[in-house]
Amino acid sequence: MKRRTFIRKNGQVALLAPLVPAALPSLFTAENHSDEKPEWLRKMIANNDASLERVQQRYVSDPDSPHYGEVLDGYGMPSPHAATSFLKTGICALISPESAYHADSGLVKKLGHAAEFLHGLQHEDGTIDLLSTNFHSTPDTGFIVKWLAPVWRLLENSSVPEKSSITIPLKQFLLQAGEALKVGGIHTPNHRWVVCSALAELSKIEQNPAYLERAERWLSEGIDLDADGQYEEKSSYIYSSLSNRVLISTARGFDKPELYSYVRQNLDMNFYYLHPNGEIVTEASGRQDNSIIGTLENYYYPYRYMALKDGNGQYAAACKLIEATAFEKTTGFLYYFLEDKNLWKELPEPKPLPDSYARVFRHSNLARIRRGDYDASILMGSPVFFTFHKSSLALQGIRFASSFFGKGQFVSENLKEENGTYILSSYLRGPYYQPFPKDRISGDGDWSKMPRSERPQSEVQELNSRVTIREAEQGFSLEISIEGTERVPVALELIFRPGGTFVGTVPHEELEDTYYLKEGMGKYSHAGSAIHFGPGRHQHRWVQLRGALPRQDAPTVFLTGFTPFHQTLQIT
């Protein structure tokens, strides 16, 4: 049976039945609210208009095209996520009197086609595909539902003419998706809470006991928050902020106030993940945001919601920081603020955020130290074991490797903190292997039947690496010691964020954006700020050692030597 036939035969009556959105009790003090939006929200609407200009370019408006009415992704493929982006952005504009697209009849027509197109991409089981990786995907359906259910409610409650051309097919899509969300599986920890949130959003459109039952089944597994205040995936830019948003939605939709405590713990932890320029530490992430440059825009809704709910001045300060550093990137969350007028209220009086501290986050294998306008991260289990930010400058990472049997990239096996001293270390062995025991040789010469693990070892080489980090005047001192087998080549690299200028370094003979620090101190400066580093060391020209990670595409300074290698670096 074709998808459209199945949906029409099995769901049309229920899908098209008139609905009254379930009442959503206010979590703040009940007040009469003016329809006049605050300045920050009007700016967000204007930013949304600019986004719509870009997004609707992917809508196929040519009636002669075989893709007429479809929305294409960046690769030219008809995509449910491209359609969702157009619908979410377009509906927010349609219902906002401040928008240049308010009640625009041409946009209504396009969005109606997009809603039909999205509905047509839906499988009979209610799921959609994430073309880059997941097919018949319940969690990706959940993401789309949590975006589109709120904008459906906004449009349904608006006075936009001809809105039914959008609301009817979109409602069909949403309720059919609910059938998948009631039974479908997930992949990752955060997917559970995305599904719960989507079910909660659907429950505001149509009361269905099965939505709550399914959400409670996922919630019974317990929220994956560790003692540090971080979620399982350690994804500080993408998925931790997502978990906060969807847990708030679940708490509100299903009256689960106990979920707010998890959100608070993560929001509190983030204060100690902030760089002086408003960016967030990402090097400890276990997901695709590891080591990216991330700001706090994804946390704007959780911080604003909880600041107003709790009267929390530090959360208000976080909102102000986001508004100052990343407000342009909050536009995708406009629907939260259009639907809930409580969020238009003035924030509590901001209270200062921590800017002088030293903390170890054991569950994330991370230590964080900040002193005013500079900070550092110390990482266990990562090739990048130290980062340093100073004002707008960033030493994005320090790494080192030796050519020890092709496995000499330093990755610390532990992180110890003793009275303000941080110690990272690793131990490597490089054995040779003796003949296989005679009584176990198969006789057919098959190497795989004579594994190294079962051969006697000899001439075992060893390498002990240790990094000792201490605070110093306006920065840090790093003592690097590599001992054991002698005459092993070593390359130590300091990787800087592009944009600055070096003094005291020598360009590499062949490689672009690659430098030696042969002696003395080096300086990397930009916009009136400078990071000083050194002293230098230069005993050979080999910077891409066998077994080392590839050189990063960023300005990189190398110190080179041989074991035994002892070097104390000053970073200020």
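Above: the structure in question.
Reference entry: report on the structure contained in this document. A quick note: this is a predicted structure, and the numbers were derived from the prediction, not measured.

If you tally the helices and strands in the protein chain, you get 13 helices and 20 strands. In terms of overall dimensions, the protein chain has a C-alpha envelope of 80 × 70 × 50 Å along the principal axes. Restricting to contacts in the protein chain with at least 6 residues of sequence separation, those with at least 24 account for 69%. Entry remark: accessible area of the protein chain is about 24,700 Å², with carbon and sulfur atoms responsible for 48%. Charge-centre separation for the protein chain: the mean point of 60 positive side chains lies 2 Å from the mean point of 68 negative side chains.

Here we take up unusual backbone geometry. Across the junction of G534 and P535, the peptide omega takes the value 5°, indicating a cis bond. Of note, the bond from T563 into P564 is cis; its omega dihedral lies within 30 degrees of zero at -5°. Structurally, the position occupied by P564 is in the loop between β19 (556-562) and β20 (565-571). At S391, a position not held by glycine, the phi torsion is positive, near 55°. Among the structural elements, S391 can be located in the loop between β6 (386-390) and β7 (393-402). One non-glycine residue, D513, adopts positive backbone phi at about 60°. Take D513: it is sitting in the loop between β15 (506-507) and β16 (514-516).

Look at helix α5 (residues 138-156) against helix α7 (residues 189-203): their axes get within 8 Å of each other, and the N-to-C directions meet at 35°. With respect to the hand of their crossing, α5 and α7 are arranged in left-handed fashion. Taking contact as the criterion, the partners of T138, P139, G142, F143, V145, K146, A149, P150 and R153 in α5 are, on α7, N190, H191, V194, V195, S197, A198, E201 and L202. The residue inventory of the contact of α5 with α7, partitioned by class, reads 9 nonpolar, 5 polar and 3 charged.

Now for α7. Its 15 residues give α7 an end-to-end C-alpha distance of 22 Å, which sits within 8% of 21 Å, the value for a rise of 1.5 Å per residue. Burial runs high along α7: 14 of the 15 residues are buried.

So, how was this worked out
Residues numbered from 1 in each chain as written. Predicted model: local features only at pLDDT ≥ 70, side-chain atom pairs only at ≥ 80, totals over all residues. Heavy atoms only, no water. Helix = DSSP H or I, 4+ residues; strand = E, 2+ residues; numbered from the N terminus. Contact = heavy atoms within 4.5 Å. Areas by Shrake-Rupley, 256 points an atom, 1.4 Å probe, with all protein chains shown as cover. Lys, Arg positive; Asp, Glu negative; His and termini not counted. Charge placed at Lys NZ, Arg CZ, Asp CG, Glu CD. Axes fitted to C-alpha atoms, helices over the stretch in contact; angles between N-to-C directions. Left-handed = near helix turned anticlockwise from the far one by under 90°. Nonpolar A, V, L, I, M, F, W, Y, C, P; charged D, E, K, R; others polar. Expected span 1.5 Å × (residues − 1). Buried < 20%, exposed > 50% of the residue type's maximum accessible area, 1.4 Å probe, protein only.

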